[in-house]
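Here are the chains, one letter per residue:
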Amino acid sequence: MTPRQSRRAFMKTTTLAAAVSPLGAVAAPAAPSIIRSRTARPVVIASANGNFHKNGGSKTCVELAFERLTSGTDILESLIAGVNLVELDPEDTSVGYGGLPNADGVVQLDACCMHGPKKRAGGVAALEGVRTPSLVAHAVMEHTDHHLLVGRGAQEFARNMGFTIEADLNTEKSRKAWLEWKRQTDPKHYLRPEDRKTSAHVDHQRILRRLIADGVIPSRHYWGTIHCNGVNAQGDVAGVTTTSGLAWKIPGRVGDSPILGAGLYVDGTVGAAGSTGRGEANLFNLSSHLIVESMRQGRHPKDACLEALRRIRSNTIERRLRKPNGDPNFNITFYAINARGEHAAVAMYAEDDNERGWAGQTDGRRVRYALCTEEGPKTLPCEGLIPGALQDPA
Ligand code: GLY
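The rules behind these values
- Residues numbered from 1 in each chain as written.
- Predicted model: local features only at pLDDT ≥ 70, side-chain atom pairs only at ≥ 80, totals over all residues.
- Heavy atoms only, no water.
- Helix = DSSP H or I, 4+ residues; strand = E, 2+ residues; numbered from the N terminus.
- Buried < 20%, exposed > 50% of the residue type's maximum accessible area, 1.4 Å probe, protein only.
- Contact = heavy atoms within 4.5 Å.
- Areas by Shrake-Rupley, 256 points an atom, 1.4 Å probe, with all protein chains shown as cover.
- Core = buried A, V, L, I, M, F, W, Y, C linked by side-chain atoms within 4.5 Å.
- Axes fitted to C-alpha atoms, helices over the stretch in contact; angles between N-to-C directions.
- Parallel < 35°, antiparallel > 145°, perpendicular 65-115°, else oblique.
- Nonpolar A, V, L, I, M, F, W, Y, C, P; charged D, E, K, R; others polar.
- Disulfide = S-S within 2.5 Å.
- Near = heavy atom within 4 Å.
- Polar contact = N/O pair within 3.5 Å; in protein donor to acceptor, adjacent residues only side chain to side chain.
- Salt bridge = Lys/Arg side-chain N within 4 Å of Asp/Glu carboxyl O.
- Pairing = 2+ DSSP bridges.

Trainee: Teacher, can you tell me more about the overall build of the protein here?
Mentor: Each helix and strand counted, the protein has ten helices and 13 strands in total. Within the protein, the fraction of its 394 residues that count as buried is 55%. Contacts in the protein between residues at least 24 apart in sequence constitute 67% of all its contacts with a sequence separation of at least 6. Carbon together with sulfur atoms contributes 52% to the accessible area of the protein, which is approximately 17300 Å² in total.

Trainee: Would you take a moment to explain the nonpolar core for this structure?
Mentor: Looking at soluble globular proteins, one finds that nonpolar side chains tend to be buried together. Within the largest apolar cluster, 46 residues are counted, with the highest numbers of intra-cluster contacts made by Ile291, Phe334 and Met348. Dropping the residues within four chain positions of it, Ile291 is found in contact with Ala273, Ala304, Cys305, Ala308, Phe334 and Ala336. Listed in part, the 35 residues of the second largest apolar core include Cys61, Ala65, Leu69 and Ala111.

Trainee: Can you walk me through the packing of helix H3 (residues 75–88) against helix H4 (residues 133–143) in this structure?
Mentor: A packed helix pair is summarised by two numbers, namely the angle formed by the two axes and the spacing between the axes. Remark: H3 packs on H4, axes separated minimally by 8 Å, with the N-to-C direction vectors making an angle of 150 degrees. The orientation of H3 relative to H4 falls into the category roughly antiparallel. Together, Leu76, Glu77, Ile80, Val83, Asn84 and Glu87 of H3 and Pro133, Ser134, Leu135, His138 and Met141 of H4 make up the contact between the two elements. Across the contact of H3 with H4, the residue classes tally to six nonpolar, three polar and two charged.

Trainee: I tried to follow the state of the cysteines on my own but got confused; where do I start?
Mentor: Disulfides are covalent bonds that connect the sulfur atoms of two cysteines. The final tally for this structure, using the stated rule, is zero disulfides. The cysteine Cys61 is free of any disulfide, with Cys228 supplying the nearest cysteine sulfur at 4.0 Å. Here Cys61 falls in the buried class, since its relative accessible area comes to 0%. We note that Cys305 lacks a disulfide partner, and the nearest cysteine sulfur, in Cys382, lies 9.5 Å from it.

Trainee: What is the right way to read the site of the ligand from this model?
Mentor: In the vicinity of the ligand there are ten residues, among which Thr225, Arg253, Asp256, Gly277 and Gly279 approach most closely. The separation between an oxygen atom of the ligand and a polar main-chain atom of Gly279 is 3.0 Å. Burial of the ligand by the protein amounts to 100% of the accessible area it has alone, namely 190 Å². Class assignment of the residues belonging to the shell around the ligand gives a composition of two nonpolar, six polar and two charged.

Trainee: How do you make sense of the pattern of salt bridges when you look at a structure like this?
Mentor: Side chains that differ in sign of charge can pair as their charged atoms come close. All chains considered together, the criterion is met by 18 salt bridges. The shortest N-O distance in the salt bridge between Arg296 and Asp267 comes to 2.8 Å. One end of the pair, Arg296, is in helix H9 (residues 287–296); the other, Asp267, is in strand E7 (residues 264–267), with 29 residues separating them in the sequence. Each member of the pair, Arg296 as well as Asp267, carries the same accessibility label: buried. Across the pair Glu307 and Arg299 runs a salt bridge whose closest N-O atoms are separated by 3.4 Å. For Glu307, a relative accessible area of 23% gives the class partly exposed. Under the relative-accessibility criterion, Arg299 is labelled partly exposed at 38%. One salt-bridge network, held together by shared partners, links Lys118, Arg120 and Glu142.

Trainee: It is not clear to me how the sheet that holds strand E10 (residues 343–351) should be interpreted in this structure. Could you clarify?
Mentor: In a beta sheet, neighbouring strands are held together by backbone hydrogen bonds and run either parallel or antiparallel to one another. Spatially, five strands are ordered E7-E8-E9-E10-E13 in an open sheet, and the strand pairing comes out mixed. Strands at the two margins of the open sheet, each flanked by one partner only, are E7 and strand E13 (383–389). Taking the axes of each pair of neighbouring strands and ignoring which way they run, one obtains an average angle of 10 degrees across the sheet. The sheet contact formed by strand E8 (residues 271–277) and strand E9 (residues 332–338) spans seven bridges and is antiparallel. Directly across from Thr276, in E9, lies its bridge partner Thr333. Packing against the sheet, H9 makes contact with E7, E8 and E9, and its axis sits at approximately 145 degrees to E8. Lying over the sheet, helix H10 (residues 301–315) contacts E9, E10 and E13, oriented at roughly 35 degrees with respect to E10.

Trainee: Whenever I open this one, helix H2 (residues 61–69) confuses me. Can you help?
Mentor: Two residues of an α-helix separated by three or four positions point the same way, owing to the 3.6 residues in each turn. Those residues of H2 that sit buried are Cys61, Val62, Leu64, Ala65, Phe66 and Leu69. Check the buried side of H2 and you find it contacts strand E1 (43–47), H3, strand E5 (226–231), strand E11 (368–373) and strand E12 (376–381).

Structure, rendered in C-alpha cells:
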C-alpha cells in the first residue's frame, strides 16, 4: 500500500487482482453451486417420442444418445444425434421434417442446445427448409458469437454452413392435417383485447379434440417437440430441444423451445431442464432456468419441476386458459436431470386424454417420458402436479 492509497482502495485492488486468472482475464464470480459430480451414473432422459420413433433404423433417440455418450462421444453431440432420428422421421409430426406447419402451411422449426462443460449455447427460430434444426443450433453455438438466429437469417446461415435447404418440409401427412384444419376453422389467432375477459378460447380446443378423435393429427403433436438431456460418467451435462412448434401457429410465432431458460437450460455444474407442452406458459415463466436454479439450491429434480409447475399454475389467471375450477386448461411437462444423474419428468397433469394412443402406448392417458440407462431404454409414467386428468370435469 503506497502512502497515498487508502485502505479501502487497497482492498479493492487486491480483491480484483485475486479475481484475475493466470491468462489475465477477469474471472466472473462463480454462481453458488452445491452439486458437483465427476462420477455420475450416465442417463439420457427425453419426452416420450424419444423412445418411439426410429426413422427406419433399429434404435430410438434415447438409445442412440446413450450409446454415443457412453462410448466417448461429446455429450451434446450424442444427444443431438438422438433427436436427429426424430427430426428426420416423417412419422413424427411434431418435429423437423413433416412437422405440422404454421397457419400458412409452412413448416417453421425452432431448436436450441446447451453444452454444460463448454458453457456454450446456440439456437434457431422460425427456420424453414432444414430438416434438422438442432444441428443448425449446434452450428450457431460452435461457429458464431451469437446464441440465437431467426427466420431468413437463420436459413442463410444454414445455407452458408452447408446445410441442404428444401423448398418444403411438409409430408403428405402434415399437409393433409393442415388442409383438414383449414377446412374446419377460420383461424382466429389474434385476440381482441376487449374480448379477452370473456373469450373462453374453446373453439381451438374443441377443434383440436375433434381432429385428434378423427385421427387427423396424433394427439400430443399439437404442441409437439422433443426435449432430450443427459449426463455422462464424467458428470458432463447437456441438453437439446427441437420442435415444429404449435400446430398452425401465426407465421413467425416462436415458442419456448429455442429460448434459453425456457425450452432448455443447462448449467454444467448443476444440471439441465427442458420442456414440452404449451410454450407460452413456459416463456412467461422461464421455467427451465427456474428448475436449474432450484436444483442449484439443493432441490431434487422432481421438486424443482414441481416448483416451476406451481409457478405456471399461479401465473395462469386468464379465464380462457383456465378450467372452471381455476386450474390451467393445458398441459406442460418438464424433464430435469442433475449432475449426479438423478432425474425426473413431471407434468402439470399426469393424466391427459391427448396421450391416448401416443407413442405406441395403448394403456390409457398417462403422460410418459423416455429414459435410457445401462439397463436399456424405457418409457415410463410422468409424475403430475395436479391430481386427476386435464380433461376431467372440474
Ligand atoms: N413447446 C413447444 C411450443 O410451444 O412451441
